[in-house]
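Observations on the three-dimensional arrangement
Each chain, written out:
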Amino acid sequence: MLMVYLVVALTMTATEADTQLCRAFEITVDDAEGTNGVRSFVTPNELSRELDSLPLKAPGMALANINTQEIRKRLLELDKIEDVEVVRLTDGTIRIKATPIIPVARIFEGGRNSYYINRSGKQVSADARYHKDVPVIDGRFNFPDSTFTPQSLLPLLNYIGSDSVWSNYISMIKVKSPTDIILIPVIREHVINIGAPTDFDDKFGRLKKFYAEVLPRQGWAKYDTLTLKWKGQLVASKRIRPSRKNQAVRYDDDEAVDMGTMLAGEGVAPGQTIPGVKAHSEKPIPARSVTTKQQ
């Protein structure tokens with residue numbers, strides 16, 4: 001029955017141009033053989049099967065009988081297709097050029113099967129033959145009283161994907177809650193909590209400043225978490241290392257946060273969390289103290 005929707009009947013007033021016969025029916029898929037190191041989700045033969053018997057019957061038919069718009073609409077309904085172009089050439093050829101879905105991440109939702117997602121939120125099963133390196137997202141996405149979904153991360157994914165530095169640096173995104181989005185770099189010395197997926201220029205700007213001004217002096221292995229969720233600040237949590245045998249080390253309550261390396265934005269003073277708002281305490285943020293006792 002699919003042929004009914006892909007063919008338009010000729011009218012009695014058809015012109016000579018309308019009766020030109022189809023000489024060939026061609027289907028191509030961008031990079032279908034993985035020539036750029038990427039194997040496509042779909043092949044020309046698969047698309048041909050989706051069009052029922054039309055590819056075989058089209059040669060010899062009048063071009064006016066072949067509905068190119070319906071062909072395009074049908075192929076765009078496939079989850080594996082990002083875009084498709086259907087044109088009639090002057091030599092009588094119907095040419096179809098399809099672009100497979102371009103994923104921006106692979107999603108894992110708890111124990112469910114994984115799938116890919118593209119920049120517009122379209123999904124395709126991960127059992128497809130695709131080997132492009134994209135960030136992996138690990139999350140539950142079923143938080144109580146929340147509409148947070150994988151699509152909620154699209155602004156973040158598109159932001160990372162549009163930057164050549166961050167796209168090569170971030171390998172995984174872990175969703176702990178809608179306000180605790182964890183970025184995992186390819187250098188597995190620390191993780192980055194960006195909070196809610198908003199204010200990317202501000203947050204990634206602070207992160208870049210930390211990498212440029214603090215880590216060269218302190219070393220990449222000193223911190224286990226960089227937190228950007230609070231406005232105007234970057235808080236670095238110092239990695240807790242096993243104590244030496246000849247020492248008993250006691251940490252104060254604030255030891256998890258290395259206050260000496262807290263970065264604050266302009267107008268944010270110690271003891272403040274919001275620029276221009278008076279702090280609860282006028283005392284400066286204390287440096288972390290460590291008491292060491294010899295055995």
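Overview of the structure. Computed from a predicted model, the values in this text were never measured in an experiment.

**Observations concerning the overall build of the chain**
- Regarding its fold elements, the chain presents eight helices and 15 strands.
- Taking all 295 residues of the chain together, the buried fraction comes to 38%.
- Restricting to contacts in the chain with at least 6 residues of sequence separation, those with at least 24 account for 57%.
- Carbon and sulfur atoms form 51% of the exposed surface of the chain, whose accessible area is close to 17,200 Å².

**Overview of the sheet that holds strand S3 (residues 93–100)**
- Judged by pairing direction, the sheet is mixed, and its three strands sit side by side in the order S1-S3-S2 without closing on themselves. Two strands close off the open sheet at either side, each with one partner strand: strand S1 (24–29) and strand S2 (81–88). Averaged over neighbouring strand pairs, the angle between their axes works out to 15 degrees when direction is ignored.
- Here S2 runs beside S3; their pairing, made up of seven bridges, is antiparallel. Opposite Val86, over in S3, you have Ile96 as the bridge partner.
- Lying over the sheet, helix H4 (residues 68–76) contacts S1, S2 and S3, oriented at roughly 165 degrees with respect to S2.

**A few points about the pairing of strand S4 (residues 103–109)**
- The element S4 is largely enclosed, with a buried count of five among its seven residues.
- Taken together, the four bridges between S4 and strand S5 (residues 115–118) define a ladder with antiparallel strand orientation. Bridge assignment links Ala105 to a residue of S5, and that residue is Ile117.
- Across four bridges, S4 lies against strand S7 (residues 136–139) in parallel orientation. Across the sheet, Glu109 pairs through a bridge with Gly139, a residue of S7.

**Digging into the packing of aromatic side chains**
- Following the criterion strictly, the structure yields 10 aromatic pairs and no others.
- For the ring pair Phe141 and Phe148, a centre distance of 6.2 Å and an interplane angle of 5 degrees mean the geometry is stacked.
- Plain terms: the ring middles of Tyr169 and Tyr211 are 5.7 Å apart, the flat faces sit at 80 degrees to each other, and that makes the pair edge-to-face. With a gap of 42 residues between them, Tyr169 in helix H6 (residues 164–169) and Tyr211 in helix H7 (residues 200–213) connect regions that are remote in the sequence.
- In this structure an aromatic cluster arises from ring pairing among Tyr159, Trp166, Tyr169, Phe200, Phe204, Tyr211 and Trp220.

**Thoughts on helix H5 (residues 154–161)**
- Restricting attention to buried positions, one finds in H5 the residues Leu154, Leu156, Leu157 and Ile160. Looking down the long axis of H5, one finds its buried residues gathered within 160 degrees of arc, a one-sided arrangement.

**A few points about the side chain of Ser171**
- With respect to the secondary-structure elements, Ser171 resides in strand S8 (residues 170–177).
- In this view, Ser171 contacts Val134, Pro135, Val136, Ile184, Pro185, Val186 and Arg188; residues no more than four positions away in its chain are not counted.

**A look at the environment of Glu26**
- Within the fold, Glu26 resides in strand S1.
- Residue Glu26 is classed as partly exposed on the basis of its relative accessible area of 30%.
- Spatially, the C-alpha atoms of Glu26 and Pro55 are 8.0 Å apart, while their sequence positions differ by 29 residues.
- If near-sequence neighbours (up to four positions away) are discounted, Glu26 is found in contact with Thr93, Ile94, Arg95 and Ile96.

**Examining unusual backbone geometry**
- The phi dihedral of Asp52 falls on the positive side, at around 60 degrees, and the residue is not glycine.
- Along the polypeptide, Asp52 turns up in the loop between helix H2 (44–50) and helix H3 (54–57).
- A relative accessible area of 40% places Asp52 in the partly exposed class.
- Its identity as a non-glycine residue notwithstanding, Asp199 has a phi of 55 degrees, on the positive side.
- You can see Asp199 is positioned in the loop between strand S10 (191–193) and H7.
- A relative accessible area of 53% means that Asp199 is categorised as exposed.

**Digging into the environment of Gln123**
- Summarising the element assignment, Gln123 is placed in strand S6 (residues 123–125).
- Judged by relative accessible area, Gln123 falls into the partly exposed class, the value being 35%.
- For the pair Gln123 and Arg106, spaced 17 residues apart in the sequence, the C-alpha separation amounts to 9.5 Å.
- Gln123 has contacts with Asp79, Ile101, Tyr115, Tyr116 and Gln151, leaving out every residue within four places of it along the chain.

Thresholds, definitions, all that
Per-chain numbering applies: the sequence of each chain, read as written, is numbered from 1 onward. Residues qualify for local features only when their pLDDT is at least 70, as the model is predicted, and side-chain atom pairs are given and counted only at 80 or more; totals for whole chains, interfaces and linings, by contrast, use all residues. For side-chain calculations, the full set of non-hydrogen atoms in the structure is used, while hydrogens and water are omitted. The numbering of helices and of strands both runs from the N terminus, where a helix is a DSSP run of H or I of at least 4 residues and a strand a run of E of at least 2. Each residue is assigned to one of three classes by its accessible area relative to the maximum for its type, calculated with a 1.4 Å probe on protein chains only: buried under 20%, partly exposed between the two thresholds, exposed over 50%. Note on contacts: a residue pair qualifies if any of its non-hydrogen atoms lie within 4.5 Å across the two residues. Each accessible area is a Shrake-Rupley result for a 1.4 Å probe, and residues are judged covered by the shown protein chains and nothing else. What makes two strands pair is DSSP finding at least two bridges between them. Here an angle of 0 to 180 degrees is reported between the N-to-C directions of two axes, which are lines fitted to C-alpha atoms, with helices fitted over the stretch in contact. Centres within 6.5 Å are what make two rings of Phe, Tyr or Trp a pair, Trp counting through its six-membered ring; a difference in plane orientation under 30 degrees is then read as stacked, over 60 as edge-to-face, and the rest as tilted. Taken from the helix axis, the directions to the C-beta atoms give the arc we talk about.

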